Amino acid sequence: VGDWGGGDAADVEAALDEALRRFDWIDHERLGLIGGSYGGFMTSWIVGHSKRFRVACSERAVNVQTSMFGTSDIGYLFNQVELGGVLPWEDFGKYVERSPLTYAKDITTPLLILHSEDDLRCPIEQGEQLFVALKTLRREVVFVRFPDENHELTRSGKPRHRLERFRILLEWFARYLRPA
């Protein structure tokens, strides 16, 4: 709380470092990253701050804190509380600073963005904005929209969409992570 992308990202990186230290079968040259919802935020954030992953997928993520405020079904207090108790007009800079979109220029990791069109928790514009930024920057990015799905696609979405999501994920990660 109040430190999205700070201590939490450091914890994820530290856990990976420990796994790499403990398990010699992990190939540190072929690391992939995936996360959904807050994990999607973490994925978008980490690839904007680290070059250690060969490929990534951000699903149903918060990418722009300023436009998330007041548009999510979770309520406006969510952003206020999670960003340390401040409202956008009190500290707009905090909302910008804690938005992965702010660091789009630093994202060079190929990124797959998956989002559901009817997601009310993290509205689809969250994925669209990051996608447009990365396309404008001529980065390797793919955006997949799932019609008639919401934030729960991975858990309770239509079976055909869940299967399609898995097919897309497997192809995306295989494209970058196959052994030489």
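Every chain begins its residue count from 1, and numbering advances along the sequence as written. Totals for whole chains, interfaces and linings use every residue, but because this is a predicted model, local features are given only for residues with pLDDT of at least 70 and side-chain atom pairs only at 80 or more, for both listing and counting. Note that the side-chain values use all heavy atoms of the structure and ignore hydrogens as well as water.

### Thoughts on the nonpolar core
Where we set the bar: In this text, buried Ala, Val, Leu, Ile, Met, Phe, Trp, Tyr and Cys residues form a nonpolar core when linked through side-chain atoms within 4.5 Å. For every residue, the accessible area (1.4 Å probe, protein chains only) is compared with the maximum for its type, and the residue is labelled buried under 20%, exposed over 50%, or partly exposed between those bounds. The way it works is that DSSP assigns letters per residue, a run of H or I at least four long becomes a helix, a run of E at least two long becomes a strand, and they are numbered from the N terminus. Every residue pair with non-hydrogen atoms within 4.5 Å of one another is taken to be in contact.
Of all hydrophobic cores here, the largest spans 26 residues; its most connected members are Leu111, Leu130 and Leu134. Only helix H1 (7-22), helix H2 (38-47), strand S3 (111-116), helix H6 (125-136) and strand S4 (141-146) provide two or more residues apiece to this core. At 5 residues, H2 tops the list of elements feeding residues into this core. Apart from residues no more than four positions distant in its own chain, Leu130 is found in contact with Ser44, Asn63, Leu101, Ala104, Ile107, Leu111 and Ile113. In this structure, Ile168, Leu169, Phe173 and Leu177 belong to the second largest nonpolar core, which totals 13 residues.

### Overview of the packing of aromatic side chains
To keep it simple, the criterion reads: Pairing of aromatic rings covers Phe, Tyr and Trp, the last through its six-membered ring, and needs centres within 6.5 Å; plane angles under 30 degrees mean stacked, over 60 mean edge-to-face, and all others mean tilted. Lysine and arginine charges are scored as sitting over a ring when NZ or CZ, respectively, is within 6 Å of the ring centre and within 35 degrees of the ring normal.
Throughout the structure, instances matching the rule amount to 12 aromatic pairs. Of the aromatic side chains, those joined through ring pairs into one cluster are Trp4, Tyr38, Phe41, Trp45, Phe78 and Tyr103. Directly above the ring of Phe166 sits Arg165, whose terminal nitrogen or CZ lies 5.1 Å from the centroid.

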